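Residue-level listing of the chains:
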Amino acid sequence: MPIRTAVRYISAPIRYILRPSTTTSNRGYAAIAEARTVLEHELETIRTGGTWKGERIITSKQGPHINVDGSHGDILNFCANNYLGLSSHPQVVEAGIEALKKYGAGLSSVRFICGTQDIHKDLEQKLAQFHEREDCILYASCFDANAGLFEVLLGPDDAVLSDELNHASIIDGIRLCRAKRFRYKHMDLNDLETQLKESQSSRLRLVVTDGVFSMDGDMAPLKGICDLAEQYGAMVFIDECHATGFMGPRGRGTDELLGVMDRVHIVNSTLGKALGGAAGGYTVGPKPLIDLLRQRSRPYLFSNSLPPPVVGCATRAVELLLASNEIAQSVGDKTMRWESGKGLGPLFW
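Residues numbered from 1 in each chain as written. Predicted model: local features only at pLDDT ≥ 70, side-chain atom pairs only at ≥ 80, totals over all residues. Heavy atoms only, no water.

K.L.:
Give a description of the overall build of the protein chain that names residues and reports values.
P.N.:
When helices and strands are counted, the protein chain shows 14 helices and nine strands. Relative to the 2.2 N^0.38 estimate, which gives 20 Å for 349 residues, the radius of gyration of the protein chain is 26 Å and therefore markedly larger than a compact globule would have. Summarising its shape, the C-alpha atoms of the protein chain cover approximately 95 × 60 × 50 Å along the three principal directions. Looking at the protein chain residue by residue over its 349 residues, the buried ones come to 43%. Within the protein chain, residue pairs in contact and separated by at least 24 positions form 66% of the contacts whose partners lie at least 6 positions apart. Looking at the protein chain as shown, the accessible area adds up to about 19,200 Å², and 55% of this sits on carbon and sulfur atoms. The averaged location of the 41 negative side-chain charges in the protein chain is 9 Å from the averaged location of its 38 positive side-chain charges. (Helix = DSSP H or I, 4+ residues; strand = E, 2+ residues; numbered from the N terminus. Rg over C-alpha atoms; globule rule 2.2 N^0.38 Å. Buried < 20%, exposed > 50% of the residue type's maximum accessible area, 1.4 Å probe, protein only. Contact = heavy atoms within 4.5 Å. Areas by Shrake-Rupley, 256 points an atom, 1.4 Å probe, with all protein chains shown as cover. Lys, Arg positive; Asp, Glu negative; His and termini not counted. Charge placed at Lys NZ, Arg CZ, Asp CG, Glu CD.)

K.L.:
Give a detailed account of the packing of aromatic side chains, specifying residues and quantitative values.
P.N.:
Under the defined criterion, the tally for this structure stands at three aromatic pairs. Between Tyr-83 and Phe-246, the aromatic rings sit 4.3 Å apart at their centres with planes inclined by 40 degrees, giving tilted as the arrangement. Taken together, the residues span a long stretch of sequence, with Tyr-83 in the loop between β2 (75-76) and α3 (90-103) and Phe-246 in the loop between β7 (235-239) and α10 (254-257) at a distance of 163 residues. A relative accessible area of 12% means that Phe-246 is categorised as buried. Ring geometry for Phe-150 versus Phe-237: centroids 5.4 Å apart, planes at 70 degrees, classification edge-to-face. Placement of the pair is Phe-150 in helix α6 (residues 142-153) and Phe-237 in strand β7, with a sequence separation of 87 residues. As far as burial versus exposure is concerned, Phe-150 and Phe-237 are alike and both buried. Geometry around Trp-52 places Arg-47 over its ring, the cationic atom sitting 4.5 Å from the centre. (Phe/Tyr/Trp six-rings, centres within 6.5 Å; stacked < 30°, edge-to-face > 60°. Lys NZ or Arg CZ within 6 Å of the ring centre and 35° of its normal.)

K.L.:
So what about the nonpolar core? Which residues, and what values?
P.N.:
Leu-127 and Leu-271 are the most contacted members of the largest nonpolar core, which has 51 residues in total. In terms of residue count, helix α13 (residues 308-323) provides more of this core than any other element does, eight residues in total. Counting 24 residues, the second largest nonpolar core, distinct from the first, contains Tyr-139, Ala-145, Ala-179 and Ile-266. (Core = buried A, V, L, I, M, F, W, Y, C linked by side-chain atoms within 4.5 Å.)

Written as structure tokens, this is what we have:
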């Protein structure tokens, strides 16, 4: 048999195998169509439920006055988390530009391979200093910080006691850990004590709460929580995303405001709100914990390092707060002026 004929006979079955059949193709299209139907139904449920989240397109920098696509003139912005106005602060912006020029746009790496620059370590040191804790670890967001903490710290012999209205990122982070879960009624110290009594057989216990609850703006009763934690031998964790930078006389947060900085053991917070508003989150706490997070925290180990411009902006924001209490105190001053009925003006300097 000629070689050409033999090759034809051999290759024909292979082509048949590789060629997608009409039946297989139709099944693929049917699966996509079914998924589309399911997704459209879910979207319609959101619309009819009144929880659809539209995105306003801003055509200016963030600030108290913004330009929005489709609107005429300035719009007063009351809904940003730019609590201190640092998102567009000239020194913060300039620090980001300088970091971009010196260190580049990004690291293209996770921290432990080749993604740690001196500016990352400098920011971590300054954040630890700011919160008066032993050490700090940076994350891409505070959502990641919450996702990476609990499964490293707590095992099946431990217990976590969480306020029922804690942020979604805390809830998701707790779901990832194997500890026994106890949920206490919102800011209810009596119910927290009940849960502490029920969990006394656990090895480690961690009481978890937002410092300031972002939806309602209420503040956790940290003094009472710390009293109970000490009475029953538990640790205390707070998420300070909506407090860092402006709560307390020096802007250290709700633990400073309520006089329990030395009684709260672990703090998670964000760089994406008061501290420049770009991106990033972090955990501050005991050095052994931070060291263990560097070894085992999955969002830290498997996410790119924070980009140098973001690090530069955040570092300058923290430096401004470390240098003076005036910026932190300005929020309280403006709030008091607003409550006294003296007008909006100073809110928008």
